2 protein chains.
Amino acid sequence: MVSERQLIDYIKRAAGKTPARVQGIGDDCAVFGARAGCKQLVSVDTLVEGIHFDLAWHGPRELGHKAAAVNISDIAAMGGKPCFVLLSMALPARLDFAWLTAFTEGFTAELREYEIVLIGGDTVASPAGLSLSISIIGEAEEGRILYRSGAGVDDVIMVSGPLGDAALGLKLCRQGRKDLLASWPRLTAAHLTPRPEVALGRHLAAGGKVTAMLDMSDGLSTDLAHMCEASGLGARLDADLIPVSAPARQAASALETDVLDAALSGGEDYKLLFTCPAAAAEDLRQEVMAVFKRQIFRIGKMVSGRGVLLCGRDGERDVSFQGYEHVTE
Amino acid sequence: MVSERQLIDYIKRAAGKTPARVQGIGDDCAVFGARAGCKQLVSVDTLVEGIHFDLAWHGPRELGHKAAAVNISDIAAMGGKPCFVLLSMALPARLDFAWLTAFTEGFTAELREYEIVLIGGDTVASPAGLSLSISIIGEAEEGRILYRSGAGVDDVIMVSGPLGDAALGLKLCRQGRKDLLASWPRLTAAHLTPRPEVALGRHLAAGGKVTAMLDMSDGLSTDLAHMCEASGLGARLDADLIPVSAPARQAASALETDVLDAALSGGEDYKLLFTCPAAAAEDLRQEVMAVFKRQIFRIGKMVSGRGVLLCGRDGERDVSFQGYEHVTE
């Protein structure tokens, strides 16, 4: 069993040098100075073994990456720049030092990619499973923050990439069939090591065209329903426009599941969902293509009323809040 | 079982109105503006069922108070003003809505006492026990923050109140004997609903006399050893000067345990431990008496070298890090 002091010493070294404006790990609190003209963004995510991850297929390094990534994604969702992280771990005795160092390496590697500083945390024992709680602090210039509540009637709804990859990746991991896992590495990677959309989020927030934004963690039907509620509107999704990847189609077929269902209800894609006035949509698409060499996808529009309607060849149905709900499942 | 949305709606109402400079619960991040001239203080604490609390004697309301208090205490330890809190809960299905509302009431009541705003959090399912992770953000004027590392040679070591009450309170709870529990409500209250020393901490940080400070969570021997390490010094404690309450003496006797041991190794007292130059100590004592109508206690002094020496009638012994360690115990 690892001692608390030994582990904290290791994490402190792994966290690296802190910038001059920051007092990091080692005191009762971390201390930092906010930049003038910026607002502070803060969020916390808790990941619980057996609910959010399974150590049977989540290696320590990958889990470290993912734990950081899903938290960073919350800052991306507002258009902010992630700055500081605190990592709290409730550790079962069965995890040895090698596991903990691999986890910490993955976690800090993910942070370094975005120049985020690990400034504190907590390490406690857990009598049951591993539980991770990560707090993140970011910043954004005043007036350049995107909320869920800003969508307007007739605004176009867009997503930053194909949906359902992560949900199908999770299904593949659960099946545990090596042949299936090897066939679609894009899907398992989407589940195991999602990528937060920090640069795109900042670009969209700075450009002035986007009216509302969030990151997709619970599946399109639930995430969009949250945006509808916050904006006091409804949404109409065009089923044919919801982007899904070719591997997702193939895997869904092999797993005998519906690929659209994975996109709507699967969760964990961590793509950005955002709205903009119809007149600005084409400009925005071209701009993102020019700057990031990638597509964004128009999937529907905001309407007056309530709820998320999925409109397809078979008619319309309300799909609000049919995604993943963490407490009831 | 409670749905995540139902619970978040309840917590959002319980959190009350947020001030104008704050965007609270309901988006991917909370947003706030830092005050000019202030540094931000941030800390996280995780409390795990079966490790930090036992629902057999910790009622939901008391646990709510305690979860907030131990976190607030980290801000007090630096001399800061607590401002914002995020509450993350991993909830086992056995906890019903009544339990959750009572917990939330205790938690938000503790926050209100210090004008702290609940601005976010996370609610997830737990397949095992209840786990709480609380992040706190405070502020302090630049130059008025106390670190563990500031103690100087010959500085007097002081504590803000008697030690060992909480450890003995825990022992009483564990025994579960109603007669014992009823005899010393001060001790069980010290364990169940500790009080963070926010006003005193701010006063000490503002006064310019105190050189180092922390809040006592792991027992004097460990907390002081941390201060020694951070300050690059050792400490000599006078065993006869360590303050213990009359109820603590009586309960220790009834439980056939050593009261000094409870003070040194017990933890969870959440008193402030601080140092000041010898020449300023008497002034500081009188000042605290005048402002707060309470005693502070001189218990030893900082010395060159390393380690925490306990000096008593039976000679000297090194007691460094003999307090509670969360991961190995």
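Please read all numbers here as calculations on a predicted model, not as lab measurements.

Cut-offs used in this document
Residues numbered from 1 in each chain as written. Chains lettered and ligands numbered in written order. Predicted model: local features only at pLDDT ≥ 70, side-chain atom pairs only at ≥ 80, totals over all residues. Helix = DSSP H or I, 4+ residues; strand = E, 2+ residues; numbered from the N terminus. Rg over C-alpha atoms; globule rule 2.2 N^0.38 Å. Buried ≥ 20, exposed ≤ 12 C-beta atoms within 10 Å, placed from the backbone. Contact = placed C-beta atoms within 7 Å. Pairing = 2+ DSSP bridges. Least-squares fit on C-alpha atoms with pLDDT ≥ 70 in both. Axes fitted to C-alpha atoms, helices over the stretch in contact; angles between N-to-C directions. Domains from an automatic or database assignment. Nonpolar A, V, L, I, M, F, W, Y, C, P; charged D, E, K, R; others polar.

Observations regarding the overall build of chain A
Thinking step 1. Assigned secondary structure in chain A consists of eleven helices and 13 strands.
Thinking step 2. Here the C-alpha radius of gyration of chain A, 20 Å, is about what a compact globule of 329 residues would show, namely 20 Å.
Thinking step 3. A principal-axis box enclosing the C-alpha atoms of chain A has dimensions of 60 × 50 × 35 Å.
Thinking step 4. Scored against the burial criterion, the 329 residues of chain A give a buried share of 57%.
Thinking step 5. Long-range pairs, those at least 24 residues apart, make up 85% of the contacts in chain A with a sequence separation of at least 6.

Some thoughts on the interface of chain A and chain B
Thinking step 1. The interface is formed by 59 residues belonging to chain A together with 58 residues belonging to chain B.
Thinking step 2. When residues of the side of chain A that touches chain B are traced back to their parent elements, those giving at least two are α1 (4–15), β2 (30–32), β3 (38–48), α2 (60–76), β4 (81–91), β5 (117–125), β6 (131–141) and β8 (212–215) of chain A.
Thinking step 3. It is β3 of chain A that contributes the most residues to the side of chain A that touches chain B, nine residues altogether.
Thinking step 4. Sheet analysis places β2 of chain A next to strand β3 (residues 38–48) of chain B, joined by three bridges and oriented antiparallel. Within β3 of chain B, the residue paired with valine 31 of chain A across the bridge is leucine 41 of chain B.

Quick notes on the relation of the copies chain A and chain B
Thinking step 1. Least-squares fitting of chain A to chain B yields an RMSD of 0.0 Å, with the transformation described by 0.0 Å of translation along the axis and a rotation of 180°. Given the turn and translation reported, the copies of this chain are related as if by a two-fold rotation axis.
Thinking step 2. The fraction of interface residues of chain A whose copies in chain B are also interface residues reaches 98%, indicating that both copies meet through the same surface.

A word on the sheet that holds strand β10 (residues 272–276) of chain B
All names here are of chain B.
Thinking step 1. One open sheet accounts for seven strands, arranged β8-β10-β7-β11-β9-β12-β13; its pairing is mixed. Strand pairing shows two members of the sheet lacking a second neighbour, β8 (212–215) and β13 (315–318), which therefore form its edges. The average undirected angle you get between the axes of adjacent strands in this sheet is 25°.
Thinking step 2. As paired elements, strand β9 (residues 234–238) and strand β12 (residues 308–312) share four bridges and run parallel to each other.

Details of the sheet that holds β6 of chain A
Thinking step 1. Spatially, six strands are ordered β5(A)-β4(A)-β6(A)-β3(A)-β2(B)-β1(B) in an open sheet, and the strand pairing comes out mixed. Edge positions in the sheet fall to β5 of chain A together with β1 (22–23) of chain B, since each has one partner strand and no second.
Thinking step 2. Its contacts with the sheet place α2 of chain A against β3, β4 and β6 of chain A, and it is angled at close to 30° to β6 of chain A.

Things to note about the domain arrangement of chain A
Residue and element names in this part refer to chain A.
Thinking step 1. As far as domains go, chain A holds domain 1 (4–141) and domain 2 (148–318).
Thinking step 2. Just the C-alpha atoms count here: the centres of domain 1 and domain 2 sit 26 Å apart.
Thinking step 3. Between domain 1 and domain 2, the residue contacts involve 17 residues of the former and 18 residues of the latter.
Thinking step 4. Elements that contribute at least two residues to the side of domain 1 that touches domain 2 include exactly α2 and β4.
Thinking step 5. No other element matches the nine residues that α2 contributes to the side of domain 1 that touches domain 2.
Thinking step 6. Partitioning the side of domain 1 that touches domain 2 into residue classes produces nine nonpolar, four polar and four charged.

Re the environment of proline 162 of chain B
Residues and elements named next belong to chain B.
Thinking step 1. Relative to the elements of secondary structure, proline 162 occurs in the loop between β7 (156–159) and α4 (165–175).
Thinking step 2. You can call proline 162 buried: it has 22 C-beta atoms within 10 Å.
Thinking step 3. The sequence separation of proline 162 and lysine 271 amounts to 109 residues, and the corresponding C-alpha distance is 8.1 Å.
Thinking step 4. Apart from the residues lying within four places of it in its own chain, the contact partners of proline 162 are Pro243, Val244, Ser245 and Ala248.

Describing the pairing of strand β6 (residues 131–141) of chain B
Residues and elements named next belong to chain B.
Thinking step 1. The element β6 is largely enclosed, with a buried count of ten among its eleven residues.
Thinking step 2. By the bridge criterion, eleven bridges tie β3 to β6 in an arrangement that is antiparallel. By the bridge assignment, cysteine 38 is partnered in β6 with glutamate 141.
Thinking step 3. Looking at chain direction, strand β4 (residues 81–91) and β6 are connected through nine bridges and run antiparallel. Residue leucine 87 lies in a different strand from β6, and its bridge partner there is isoleucine 134.

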